[in-house]
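One letter stands for each residue in the lines below.
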Amino acid sequence: MNDDSRRGYKLEVWVTAICFFIVAVTGGFFSSVVVIMNEAFFDQVPTPEALVAAYGETMFVFKEHLSVWGFPLHYFLLVVLSWIGATLVGAIWCLVMDRLEEKQRA
Amino acid sequence: MEPRGEVFVLGLILSIVVLLISVLISVWARRFTRSLGDYYVAGRSIGALNNGLAMVSLALSLTTFIGLTALIIEGLYVAVAVYASFTAAFIGLMVLAAPYLRRHKSFTTMAFISERYDSKTLRYISVVVMMIVSVLYLAGNLKGIGIVFYFLLGVPEIVGIIVGGLVVTLYVTLGGMYGVTYNQTFQTIVLLFCLMFPVAIVMRTLGATGWVFPPLGYGDMVPQMTEAVPHYFWAMVAHPVVYIAIFLGSFFGIIGLPHFVMRFFTVRDAREARWSTVVCVFLVGLVNTTVYATGFAAVYYMQAEGVNIPTAAYDYVVFILVEALAGDSWLALAVAGSVAAGLSTVSGLLMIMGAGLIHDLYGTMKPEVDDDKKLKLSYGAMFLVGVAVILFSLDPPEFILEAIMWSFGIAAAGLGVPIVLGIWWKRTNKYGVGAGMVVGTLLAFISWIMIGYMGMDPVDIPFPFFAKYFYGPLGWIKVIAVAVPVSFILTIVVSWLTPPPSEDLQRQVDEMHGWSDVDPKRYNGKGLPITIIILSIFIMWFMTALYDQFPK
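Let us look at the structure shown here.

Procedures and definitions
Residues numbered from 1 in each chain as written. Chains lettered and ligands numbered in written order. Predicted model: local features only at pLDDT ≥ 70, side-chain atom pairs only at ≥ 80, totals over all residues. Heavy atoms only, no water. Helix = DSSP H or I, 4+ residues; strand = E, 2+ residues; numbered from the N terminus. Buried < 20%, exposed > 50% of the residue type's maximum accessible area, 1.4 Å probe, protein only. Areas by Shrake-Rupley, 256 points an atom, 1.4 Å probe, with all protein chains shown as cover. Rg over C-alpha atoms; globule rule 2.2 N^0.38 Å. Contact = heavy atoms within 4.5 Å. Lys, Arg positive; Asp, Glu negative; His and termini not counted. Charge placed at Lys NZ, Arg CZ, Asp CG, Glu CD. Expected span 1.5 Å × (residues − 1). Bend = angle between axes of the 7 residues up to and from the residue. Polar contact = N/O pair within 3.5 Å; in protein donor to acceptor, adjacent residues only side chain to side chain. Buried area = accessible area lost by both parts, 1.4 Å probe. Salt bridge = Lys/Arg side-chain N within 4 Å of Asp/Glu carboxyl O. Nonpolar A, V, L, I, M, F, W, Y, C, P; charged D, E, K, R; others polar. 1 Å grid on protein atoms, 1.4 Å probe; cavity = no way out; pocket = protein on both sides within 12 Å on 5 of 7 lines; lining within 4 Å. Points joined across faces, edges and corners; volume = space filled by probe spheres on them. Axes fitted to C-alpha atoms, helices over the stretch in contact; angles between N-to-C directions. Parallel < 35°, antiparallel > 145°, perpendicular 65-115°, else oblique. Left-handed = near helix turned anticlockwise from the far one by under 90°.

Overview of the overall build of chain A
Secondary structure assignment for chain A yields four helices and four strands. For chain A, the N- to C-terminal ordering of α and β elements is α-α-β-α-β-β-β-α. In chain A, which comprises 106 residues, the proportion classed as buried is 47%. Here chain A displays about 5800 Å² of accessible surface, and carbon together with sulfur accounts for 65% of that area.

What follows is the structure in structure tokens.
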């Protein structure tokens, strides 16, 4: 493997790993983080009567100052990152791979 | 759920128009099919935009159109998280598999696994896994078509399943992959219009100021929603590992579902494969976010306005909502969109099942049979598969989206893992893949039989050690957080303990990544397999943590 080839290989592997990590975060890990760090996103309030049986005496509603265009921040991020965010990440990956493919052909 | 009480003439006319155009496109596309390669992979001649649009309609089945709305009513934030993951999963499919599979020049997922690992046995096993996941996926979608017919005509769902199933079988058999591709492109355009406009009208009627752009146009209704349904945006109804299971199921499931992968074998080259996925993820995201708005509107309509819709009718909510808040003409559009959504996905699935049976099963057992005979047999096989699936679908699942989610889980453990490792780790061999595929598939499939088919409570199934942790909303989905990691661990460990694949097989990995030379060090390090094993063990351990903090 010559230097150009090694650089191309490393570029492919690292760009792919980073892009996959970013979309994996929006694709599942983000919601896990929201649950684990719930106090950063939600205020604890008494649970409405109908929900006490399932969730206990207290539950959480999102913090009002953490909102974008009226949506709770975590919901907005989930919806937008998994759509526009993923599209942008995909487009960047495609551009890098197009360039790598041209070098491989050369 | 009561039918409308009268035949919905406008909806019926638009639905028949969609069905007729679909058959006509197939008849027209038939002229392009001259060889087996034309029939199965459209002569590898499809461009990025056409393939991207075709993939959209494949992804946006009836489960999205009507099933997701039902799931949002049931699961609120968790349901949105499921589809957010499914949307982002297309980029996972692209960066891990799509262009590499295109360079491999196989016809199907099963052929890829067989040729990459040089094993006929793996080809047979993968055909069986493909049939399981495809039938599960189809059953959900055919039930959806039945729901549409029931709503249109008041006839039993079974009639819709038979009529819709026969129409799709007819046009798939006639037109092959060319017909399927052009039909899916047409159906995507129909679906985009037929979803966006009725939902915009519904949002306007409910008072959303941003109704012209439904995906993000209901922010001003959030305060009323949180007053009526305080836990609508609450992520904490489920253990965090549920979201990781959703990630594993959607990201590796989409790679393992052969009808998605087959689309990449139809494009001209790897570049077209990549860009078609970007087109697809943007449009899939647009539609999915519109359906989140529909789900929000449905919950708002039921809770804030005090309308009672029984649980058994949740799969009909889209139509109920559009009829009540937008009117008959918009409802007709929504119904036609649903028909298009159902047809496109069913056609893709029938295509891969026919290809799997003739190309991968019959073709491997009888290699002396020439392509002309295989092509003739393909027409017959496709028709028989269609009829068989219709018969199976006569006893469909209760909620259509659940069957699809199981299908994703089984596909992830059974087919997604060997594809990803086959592309990114040269040391993967047939022994490891055999162990991982069989055990991963069985873990997920047997769990489906007990939970999805027999209706057992997930925490009561005889699943060693883990069953007690399958609690809470969508608790069964945690099965995926065991099956996929186990499949990864077994594949890697058994591959390490057995002889490495031949140089010729390892050369395929370099070729898939576009290298003209071969280097044994490329894609052969220890970093990737060790990282995967550590993450897999962590995920399974994590499921057992925080037991007391979440509702059972």
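Examining the overall build of chain B
The helix and strand tally for chain B stands at 21 helices and zero strands. The C-alpha atoms of chain B give 23 Å as radius of gyration, which agrees with the globular expectation for 552 residues (24 Å, within 12%). Along the three orthogonal principal directions, the C-alpha set of chain B runs to about 65 × 60 × 40 Å. By the burial criterion, 68% of the 552 residues in chain B qualify as buried. Contacts in chain B between residues far apart in sequence, at least 24 positions, make up 85% of those at least 6 positions apart. Element-wise, carbon and sulfur atoms account for 65% of the exposed surface of chain B, whose accessible area totals about 17600 Å². On chain B, the mean spot of the 31 positive side-chain charges and the mean spot of the 32 negative ones are 12 Å from each other.

Observations regarding helix 4 (residues 73-105) of chain A
An ideal rise of 1.5 Å per residue puts 48 Å on 33 residues; helix 4 of chain A measures up with 45 Å between its terminal C-alpha atoms. The largest bend in helix 4 of chain A is about 45°, located at Leu81(A).

Some remarks on the side chain of Thr226(B)
Looking at the element boundaries, Thr226(B) is found in helix 10 (residues 222-228). Here Pro223(B) takes part through its backbone oxygen, which lies 2.9 Å from a polar atom of the side chain of Thr226(B). For Thr226(B), the residues in contact, after removing those within four places along its chain, are Phe62(A) and Phe233(B).

Some remarks on the environment of Asp328(B)
All names here are of chain B. By secondary structure assignment, the location of Asp328 is in helix 15 (residues 328-365). Residue class for Asp328 comes out partly exposed when judged on its relative accessible area of 40%. Along the backbone, Asp328 and Ser106 are 222 residues apart, and their C-alpha atoms lie at a distance of 47 Å.

Looking at the interface of chain A and chain B
Listed per partner, the contact involves 56 residues of chain A and 59 residues of chain B. For the pair chain A and chain B, the summed buried surface comes to about 5000 Å²; carbon and sulfur atoms form 75% of the total. When the area that chain A buries against chain B is broken down by residue, the three leading residues are Phe20(A), Tyr75(A) and Trp83(A), summing to 14%. Inspection of the region where chain A meets chain B yields four salt bridges. We note a salt bridge from Asp98(A) to Arg271(B), for which the minimum N-O separation is 3.3 Å. Scanning the region where chain A abuts chain B turns up 16 residue pairs in polar contact (both at pLDDT 80 or more). Counting only elements with at least two residues in the side of chain A that touches chain B, the list comes to helix 1 (3-36), helix 3 (49-55), strand 2 (58-62), strand 4 (71-72) and helix 4 of chain A. It is helix 4 of chain A that provides the largest number of residues to the side of chain A that touches chain B, a total of 21 residues. Broken down by class, the residue content of the side of chain A that touches chain B amounts to 38 nonpolar, 15 polar and three charged.

Quick word on the environment of Arg44(B)
All names here are of chain B. With respect to the secondary-structure elements, Arg44 resides in the loop between helix 2 (36-41) and helix 3 (48-59). In sequence terms Arg44 and Arg102 are 58 residues apart; their C-alpha atoms lie 9.3 Å from each other. Reaching out from Arg44, the side chain makes a polar contact with the backbone oxygen of Ser106 at a distance of 3.0 Å. At 2.9 Å, the side chain of Arg44 forms a polar contact with the backbone oxygen of Phe265.

A few points about the layout of surface pockets
It is the rolling of a water-molecule-sized probe over the atoms that shows where space remains empty. Considered as a void within the structure, the largest pocket measures approximately 1000 Å³ in volume. Along the walls of the largest pocket sit 37 residues, with Phe20(A), Leu528(B), Thr531(B), Ile532(B) and Leu535(B) positioned nearest its centre. Where the lining of the largest pocket is concerned, the elements lending two or more residues are helix 1 of chain A together with helix 11 (240-256), helix 17 (400-424), helix 19 (480-497) and helix 21 (527-543) of chain B. If one sorts the elements of the lining of the largest pocket by residue count, helix 1 of chain A sits on top with 13 residues. Class assignment for the residues of the lining of the largest pocket results in 30 nonpolar, seven polar and no charged.

Observations regarding helix 5 (residues 77-96) of chain B
The α-helix advances 3.6 residues per turn, and as a result positions three or four apart in sequence lie on the same side. Residues and elements named next belong to chain B. Taking 1.5 Å of rise per residue, the 20 residues of helix 5 would be expected to cover 28 Å, and the 28 Å separating its terminal C-alpha atoms lies within 8% of that figure. Where helix 5 bends most, the angle comes to about 30°, and this point is Ala88. Where burial is concerned, most of helix 5 is hidden: 20 out of the 20 residues are buried.

Remarks on the environment of Phe71(A)
Note on placement: Phe71(A) falls in strand 4. Looking at Phe71(A), the relative accessible area reads 1%, which means it is buried. With near-sequence residues (within four places) excluded, Phe71(A) lies in contact with Leu66(A), Phe76(A), Leu216(B), Tyr218(B), Gly219(B) and Val222(B).

Side note on the packing of helix 14 (residues 317-325) of chain B against helix 15 of chain B
Residue and element names in this part refer to chain B. For the pair helix 14 and helix 15, the least separation of the axes is 7 Å and the interaxial angle reads 160°. Here helix 14 is positioned roughly antiparallel relative to helix 15, judged by the angle of their axes. Where helix 14 crosses over helix 15, the two elements pack in a sense that is right-handed. On the side of helix 14, the interface is formed by Phe319, Val322 and Glu323, while helix 15 contributes Asp328, Trp330, Leu331, Ala334, Val335 and Ser338. Here the contact of helix 14 with helix 15 is composed, by residue class, of six nonpolar, one polar and two charged.

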